[in-house]
Amino acid sequence: MSTDDKENQKHIHNKNEHHNHNHHHENHGHLDQNEHQHHHEHGNHGEHNHSGHNHHNHGDMVNDFKKRFYISLIITIPILILSPMIQDFIGVDWQFANDKYILFALATFIFFYGGWPFITGGISELKDKNPGMMTLIGLAILVAYVYSSLTVFGLEGKDFFWELATLIDIMLLGHWLEMRSVMGASNALEELVKLMPSEAHRLDENDEIHDIPVGDLKNNDRVLVKPGEKIPVDGTIVNGKSAIDESMLTGESVPVEKYKGDEVIGGSINNEGSLTIQVEKTGEDSYLSQVISLVREAQESKSRTQDITNRAAKWLFYLALASGFITLFVWILLGYSFDVALERMVTVMVITCPHALGLAAPLVIAVSTSISAKQGLLIRNRANFEGARNLDAVVFDKTGTLTKGEFGVTNIVPNNGYGEKEVLSWAASLEQNSEHPLATGIVKAAKEKGVELKKIVDFESITGKGIEGTVDGKKVNVVSPGYVNDNDMEYDQKIFGEMSEEGKTVVFVLLEDKLIGMIALADMVRETAKEAIASLKENGIHSIMLTGDNKKVANWVAKQMAIDEVYAEVLPDDKANQVKKIKGKGWKVAMTGDGVNDAPALATADLGIAIGAGTDVAMETADVVLVKSNPKDVVSLIELSKRTYRKMVQNLWWATGYNIVAIPLAAGVLAPFGIVLSPAVGAVLMSLSTVIVAINAKLLKA
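Rules of the game
- Residues numbered from 1 in each chain as written.
- Predicted model: local features only at pLDDT ≥ 70, side-chain atom pairs only at ≥ 80, totals over all residues.
- Heavy atoms only, no water.
- Helix = DSSP H or I, 4+ residues; strand = E, 2+ residues; numbered from the N terminus.
- Buried < 20%, exposed > 50% of the residue type's maximum accessible area, 1.4 Å probe, protein only.
- Contact = heavy atoms within 4.5 Å.
- Areas by Shrake-Rupley, 256 points an atom, 1.4 Å probe, with all protein chains shown as cover.
- Pairing = 2+ DSSP bridges.
- Core = buried A, V, L, I, M, F, W, Y, C linked by side-chain atoms within 4.5 Å.
- UniProt positions renumbered as here; feature names shortened; annotations may be inferred.
- Axes fitted to C-alpha atoms, helices over the stretch in contact; angles between N-to-C directions.
- Parallel < 35°, antiparallel > 145°, perpendicular 65-115°, else oblique.
- Left-handed = near helix turned anticlockwise from the far one by under 90°.
- Patch = residues over 30% accessible without salt bridge, like charges linked within 9 Å, V, L, I, M, F, W, Y side chains within 5 Å.
- Salt bridge = Lys/Arg side-chain N within 4 Å of Asp/Glu carboxyl O.
- Expected span 1.5 Å × (residues − 1).
- Nonpolar A, V, L, I, M, F, W, Y, C, P; charged D, E, K, R; others polar.
- Phe/Tyr/Trp six-rings, centres within 6.5 Å; stacked < 30°, edge-to-face > 60°.
- Lys NZ or Arg CZ within 6 Å of the ring centre and 35° of its normal.

Novice: Looking at this structure, how should I read the overall build of the protein?
Specialist: Of the regular secondary structure elements, the protein holds 27 helices and 22 strands. Taken across its 702 residues, the protein has 56% of its residues classed as buried. Here the analysis covers contacts within the protein between residues at least 6 apart in sequence; of these, 72% occur between residues at least 24 apart. Total accessible area computed for the protein in this model is approximately 29,200 Å², and 55% of it derives from carbon and sulfur atoms.

Right under this line is the structure:
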């Protein structure tokens, strides 16, 4: 069977290596290689595509807002001191000749320098015939500036310069905070760039080594990686074999055995042997580069709630214009002078601009993105992430998601008067020199149980029979069921049958050609998966397993973690249909998986969650990637989604609630009772609501 066939077989989880009970030890290497190809075959792992250029653009924008904010803030101080309204507040009179012209000059600078991003943003929104947040802000500062400038040059009324300045300051601060928060999320990932070595040992045609910068490597170059070094680029092993530590990149906790023809990822660590690698992917195509750009996707994908605020801004823009002109005409009709009516109109129009609403969603998104990145949740699709709060069911793939994808001992059945520990001791002593996953499982079990390993002298693999060696002067064999049957050895067929039916791999231990026991191994269930299922139940969320594996294996795993529903022996192309059926109940469904065969189901579900140690196809179709490959993160994801949404709703109420009260007061509804919202009080209230919204967003905690 070719590697590709095995890979396909693996991806429909029909794991014959595990279940056919012919445990051929001469296949050690291949099984190990195949076992892990499930996670790493698909080279580019590509969730993302780090474009440094774009990232730096984002960084430049952050610095631009920061600079505009600080400069505007400094200019605001003299504006506040010179403002007649502020002087009235604090009961002083610092007026002097032509002070209003100095005030005008300073305000003009702030309007054009600090307000420029909002003015240009508003113009481009109007060009698109889609007024939104920037148009609303632009309208407020334009009205405040033009009206205040007119009062300097002869119009009767009070200027709004101090309010204009503080308004621009708050908006710049909000945008800077938001962008900086989002940057925090990408910085968490940019740490990954530091994983890459800066130099590589390139081999020329004569196999001579030249140390060159990693950036100079080209496709098909050959690179030497010594033991203990980081692998500089994504590529294929052309010579050598080694165990590779990919834990930092894929969340795969166990070093992966790699052989000639296997793919390796740049940034992973070469543990033991020397490797010659042919470069496959450089620059933006490499795995690490792609990891970083996923965050950019998260930053750029607009949430539905964000769109709601933009729609709200559009209507508030029309409301500002309408209520402003209605206020003007009503006050003139009531017999007031044009100056008084105009002041009312300007106050209404400035107040209708809900600066706080403009910050409500973006600030929460920024904080939430930052928290999620630190927790190892990479959000590709904000809208679907926010929908996670309404999930009814979570569907899990089995292999590699609920299970570890590594063998562990589940049963030891002694024979001929020997004890469990003795059987394990002889088997583990023989297996201690083998790198095979089954051997690793047996040795690990011995260490966990405190079983002492005996000294081994000879060790050899016998084709079709298993392994043999001399331990403490005695001949020991660990063999397949086939070997035992061929030699007509007696064993408990009933127990063997039960263990085999659960999908366990059974090996037999012989001491001096006498059968002393059986050891059963299986793909171990993740403890974190059990905890995740329990937490989902507490939250009233239904858990479902969807696997290509056989029913008995699936039921055995499901029973261990109390999963509500199991669909086994599902073919890859049928997984998506199964998800559709579950959605057909009117449920909101999340799908969690890591393989190529999970991709259609991930795309079909309301929320697709890819396990970080999975394949690039799974990543590409998922809405969220769990970097740490921990199923418990599914629960964290749902909780973060709920908290994010709650904060957004709170902020929208803080922002619009203020407007609902302030607009009629500013228009003068209570004027007959002597209550009119002065521009100064309106400005203070507006600034206050903006500050509350910003603080409230920052209170969102992990």
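Novice: What's the story with the sheet that holds strand S7 (residues 263–264) in this structure? I'm lost.
Specialist: Backbone hydrogen bonds are what pair the strands of a sheet, in a parallel or an antiparallel way. Taken in spatial order, the six strands make up an open sheet running S2-S1-S3-S9-S4-S7, and their pairing is antiparallel. Among the strands making up the open sheet, the edge pair consists of strand S2 (209–213) and S7. As judged from the four bridges shared by strand S3 (residues 222–225) and strand S9 (residues 275–281), these two strands associate in the antiparallel manner. Bridge assignment links Arg 222 to a residue of S9, and that residue is Gln 278.

Novice: Could you clarify how one ought to interpret the nonpolar core in this entry?
Specialist: Across soluble globular proteins, nonpolar side chains have a tendency to be buried as a group. Membership of the largest hydrophobic core comes to 101 residues, with the highest contact counts inside it found for Ile 79, Leu 164 and Val 394. Ranked by residues supplied to this core, first place goes to helix H8 (residues 133–152) with twelve residues. Apart from residues lying up to four places away in sequence, Ile 79 is in contact with Leu 103, Leu 106, Ala 107, Ile 110, Phe 161, Trp 162 and Ala 165. Grouped together as the second largest cluster of nonpolar side chains are 25 residues, Phe 407, Val 471, Val 478 and Val 509 included.

Novice: Is there a simple way to explain the UniProt feature "transmembrane region" (unreviewed entry) in the protein in this structure?
Specialist: According to UniProt, the "transmembrane region" (unreviewed entry) feature falls on residues 69–86, 101–119, 131–148, 160–177, 315–334, 346–373, 652–675 and 681–700. Helix and strand shares over residues 69–86 are 94% and 0% respectively, and the end C-alpha atoms of the span are 21 Å apart. Across residues 101–119, the secondary structure splits into 89% helix and 0% strand, with the terminal C-alpha atoms separated by 23 Å.

Novice: What's the story with the environment of Val 340 in this structure? I'm lost.
Specialist: Relative to the helices and strands, Val 340 is located in helix H13 (residues 338–352). By relative accessible area, Val 340 is classed as partly exposed at 34%.

Novice: What's the story with the side chain of Ser 543 in this structure? I'm lost.
Specialist: Locating Ser 543 in the fold gives a position in strand S18 (residues 542–546). Under the relative-accessibility criterion, Ser 543 is labelled buried at 0%. Beyond its immediate chain neighbours, meaning those up to four positions away, Ser 543 contacts Val 394, Phe 396, Ile 533, Ala 562, Ile 563, Asp 564 and Glu 565.

Novice: I keep staring at the packing of helix H17 (residues 420–431) against helix H18 (residues 437–448) and nothing clicks. Help me out?
Specialist: Between two packed helices, the angle of one axis relative to the other and the distance separating the axes together describe the packing. Interhelical geometry of H17 versus H18 gives an angle of 130° and a closest axis separation of 9 Å. As summarised for this structure, H17 and H18 are arranged oblique, according to the angle between their axes. H17 and H18 meet at a crossing whose hand is left-handed. Residues Leu 424, Ala 427, Ala 428 and Glu 431 of H17 lie in contact with H18, whose contacting residues are Ala 439, Ile 442, Val 443, Ala 445 and Ala 446.

Novice: Honestly, a nonpolar patch on the surface in this entry has me stumped. Any pointers?
Specialist: Taken together, the side chains of Ile 77, Ile 81, Phe 89, Ile 90, Trp 94 and Val 684 define a hydrophobic patch exposed on the protein surface, amounting to about 600 Å² of accessible area. Among the secondary structure elements, those contributing two or more residues to the nonpolar patch are helix H4 (52–82) and helix H5 (84–90). Turning to its location among the elements, Phe 89 is positioned in helix H5. The exposure class of Phe 89 is partly exposed, given its relative accessible area of 49%.

Novice: For this particular structure, what's the right way to read the pattern of salt bridges?
Specialist: If charged atoms from side chains of opposite charge come close, those side chains can pair. For the structure shown, the criterion picks out 13 salt bridges. Here Lys 575 and Asp 397 are joined by a salt bridge, their closest N and O atoms 3.3 Å apart. Note that Lys 575 is positioned in helix H23 (residues 572–583) and Asp 397 in the loop between strand S11 (393–396) and helix H16 (398–402), a separation of 178 residues in sequence. When the shortest N-O distance is used, the salt bridge between Asp 606 and Lys 583 registers 3.9 Å. On the criterion of sequence distance, the pair formed by Asp 606 in the loop between helix H24 (599–604) and strand S21 (607–611) and Lys 583 in helix H23 is long-range, its members being 23 residues apart. Given the relative accessible area of 22%, Asp 606 is considered partly exposed. Take Lys 583: its relative accessible area is 28%, and that puts it in the partly exposed class.

Novice: Would you take a moment to explain the sheet that holds strand S20 (residues 589–593) for this structure?
Specialist: Reading across from one edge, S10-S22-S21-S20-S11-S18-S19 is the order of the seven strands in this open sheet, with mixed pairing throughout. Looking at the sheet topology across the chains shown, the edges are occupied by strand S10 (377–379) and strand S19 (565–567). Across the sheet, the axes of successive neighbouring strands diverge by a mean angle of 20°, strand direction being ignored. Direction of pairing for S20 relative to S21: parallel, over a ladder of four bridges. Within S21, the residue paired with Gly 593 across the bridge is Ala 610.

Novice: Help me out: how do you make sense of helix H26 (residues 632–667) in this one?
Specialist: In a regular helix each residue adds 1.5 Å, so 36 residues correspond to 52 Å; H26 covers 53 Å between its end C-alpha atoms and thus fits that length. Downstream of H26 by a residue or two, Gly 668 has a phi angle that is positive, lying close to 95°.

Novice: What should I look at first to understand the packing of helix H7 (residues 116–127) against H8 in this one?
Specialist: At a closest axis distance of 7 Å, the pairing of H7 and H8 adopts a crossing angle of 125°. Here H8 runs oblique to H7, going by the angle between their axes. Crossing angle aside, the handedness with which H7 passes H8 is left-handed. Along its contact with H7, which presents Pro 117, Phe 118, Ile 119, Gly 121, Gly 122, Glu 125 and Leu 126, the element H8 presents Met 133, Met 134, Thr 135, Ile 137, Gly 138 and Ile 141. The residue inventory of the contact of H7 with H8, partitioned by class, reads eight nonpolar, four polar and one charged.

Novice: Whenever I open this one, the environment of Ile 456 confuses me. Can you help?
Specialist: With respect to the element layout, Ile 456 can be found in strand S13 (residues 456–462). Put simply, Ile 456 and Leu 430 are 26 residues apart on the chain and 6.5 Å apart in space, counted from C-alpha to C-alpha. For Ile 456, the contacting residues outside a window of four places in its chain are Ser 429, Leu 430, Gln 432, Asn 433, Thr 470 and Val 471.

Novice: What is the right way to read the packing of aromatic side chains from this model?
Specialist: Each pair of aromatic rings is reported with the distance of its centres and the angle of its planes. Across all of its chains, the model carries 16 aromatic pairs by this definition. Ring centres of Tyr 101 and Phe 153 lie 5.9 Å apart, and the angle between their planes is 45°; this geometry places the pair in the tilted category. Note that Tyr 101 is positioned in helix H6 (residues 99–113) and Phe 153 in the loop between H8 and helix H9 (161–190), a separation of 52 residues in sequence. Among the residues examined, Phe 153 registers a relative accessible area of 53% and is labelled exposed. Three or more aromatic residues link up through ring pairs in this structure, and these residues are Tyr 101, Phe 104, Phe 111, Phe 112, Tyr 145, Phe 153 and Phe 161. Looking at Lys 454, its charged tip hangs above the ring of Trp 426, at a distance of 4.5 Å from the centre.

Novice: I tried to follow the pairing of strand S5 (residues 242–245) on my own but got confused; where do I start?
Specialist: Within a regular strand, the side chains alternate between the two sheet faces. The pairing of S5 with strand S6 (residues 256–258) spans three bridges and is classified as antiparallel. Within S6, the residue paired with Ser 242 across the bridge is Lys 258. Relative to strand S8 (residues 269–270), S5 runs antiparallel, the two sharing two bridges. Note that in S8 the partner of Asp 245 across the bridge is Ile 269.

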